[in-house]
Amino acid sequence: EGFRLLIDVREFDGWQGLSAMGAHLSLARGHAPLLDKAAIVGDQAWQKMAQKVGSRFLNAETQFFDAENFEEAKNWLVSD
């Protein structure tokens, strides 16, 4: 079965080294085929761009929300 994911990157300041980034990407690659819907909440332009680029490779509905719209992101995730 699929799942929905809320990704809160408002306080993300990078990975703690290349091995951490590799572990993250491996985990994401393994779960991506099961993803139904993902809301990304952030406050940086690169985060919004990453959502747009990533949406081209995922078979899931994705949307970026500005940091102040956290509740809107949660509501969007549970909507059909």
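As the structure is a computational prediction, the values presented were derived from the model and not from experiment.

(A) How the structure looks around the pairing of strand E3 (residues 61–66). Here strand E2 (residues 35–42) pairs with E3 via 6 bridges, running parallel. Along E3, the bridge assignment pairs Ala 39 with Gln 63. Tracing the backbone out of E2, into helix H2 (residues 45–55) and back to the parallel element E3 gives a crossover that is right-handed.

(B) Layout of the sheet that holds E2. A sheet is described by the order of its strands in space; here 3 strands give the open sequence E1-E2-E3, paired in parallel fashion. Whereas interior strands pair on both sides, the edge strands pair on one side only; in this sheet they are strand E1 (3–8) and E3. The sheet shows a mean angle of 15° between the axes of neighbouring strands, taken without regard to direction. Here E1 pairs with E2 via 6 bridges, running parallel.

(C) Representation of the packing of aromatic side chains. Under the criterion given, the structure shown has 1 aromatic pair. Measuring from centroid to centroid gives 5.8 Å for Phe 65 and Trp 76, while their planes differ by 55°, and the two rings are tilted. A residue pair is termed long-range when its members are at least 10 positions apart, and Phe 65 in strand E3 and Trp 76 in helix H3 (residues 70–78) qualify at 11 residues. The exposure class assigned to Phe 65 is buried, which follows from its relative accessible area of 3%. On the accessibility criterion, Trp 76 (14% relative accessible area) is buried.

(D) Layout of the pattern of salt bridges. A complete count under the given rule lists 3 salt bridges for this structure. Measuring nitrogen to oxygen at the nearest pair gives 3.1 Å for the salt bridge that ties Lys 74 to Glu 71. Of this pair, Lys 74 and Glu 71 are both found in helix H3, 3 residues apart, which corresponds to roughly one turn of the helix.

(E) Region of the structure containing the nonpolar core. Ala 39, Val 41, Phe 65, Phe 70, Ala 73, Trp 76 and Leu 77 together form the largest nonpolar core, which totals 7 residues. Counting only elements with at least two residues in this core, the list comes to E2 and H3. No other element matches the 4 residues that H3 contributes to this core. Membership of the second largest hydrophobic core comes to 6 residues, among which are Val 9, Leu 35, Ile 40 and Phe 64.

(F) Quick peek at H3. Of the positions making up H3, those classed as buried are Phe 70, Ala 73, Trp 76 and Leu 77. For H3, the arc enclosing every buried residue in end-on projection is 120°, short of the 170-degree limit, so these residues lie on one face. In H3, the exposed positions that point more than 90 degrees away from the buried face belong to Asn 75 and Val 78. On its buried face, H3 sits against E1, E2 and E3.

Cut-offs and rules
Residues numbered from 1 in each chain as written. Predicted model: local features only at pLDDT ≥ 70, side-chain atom pairs only at ≥ 80, totals over all residues. Heavy atoms only, no water. Pairing = 2+ DSSP bridges. Helix = DSSP H or I, 4+ residues; strand = E, 2+ residues; numbered from the N terminus. Right-handed = clockwise from strand over helix to strand, strands pointing away. Axes fitted to C-alpha atoms, helices over the stretch in contact; angles between N-to-C directions. Phe/Tyr/Trp six-rings, centres within 6.5 Å; stacked < 30°, edge-to-face > 60°. Buried < 20%, exposed > 50% of the residue type's maximum accessible area, 1.4 Å probe, protein only. Salt bridge = Lys/Arg side-chain N within 4 Å of Asp/Glu carboxyl O. Core = buried A, V, L, I, M, F, W, Y, C linked by side-chain atoms within 4.5 Å. Arc of directions from axis to C-beta. Contact = heavy atoms within 4.5 Å.

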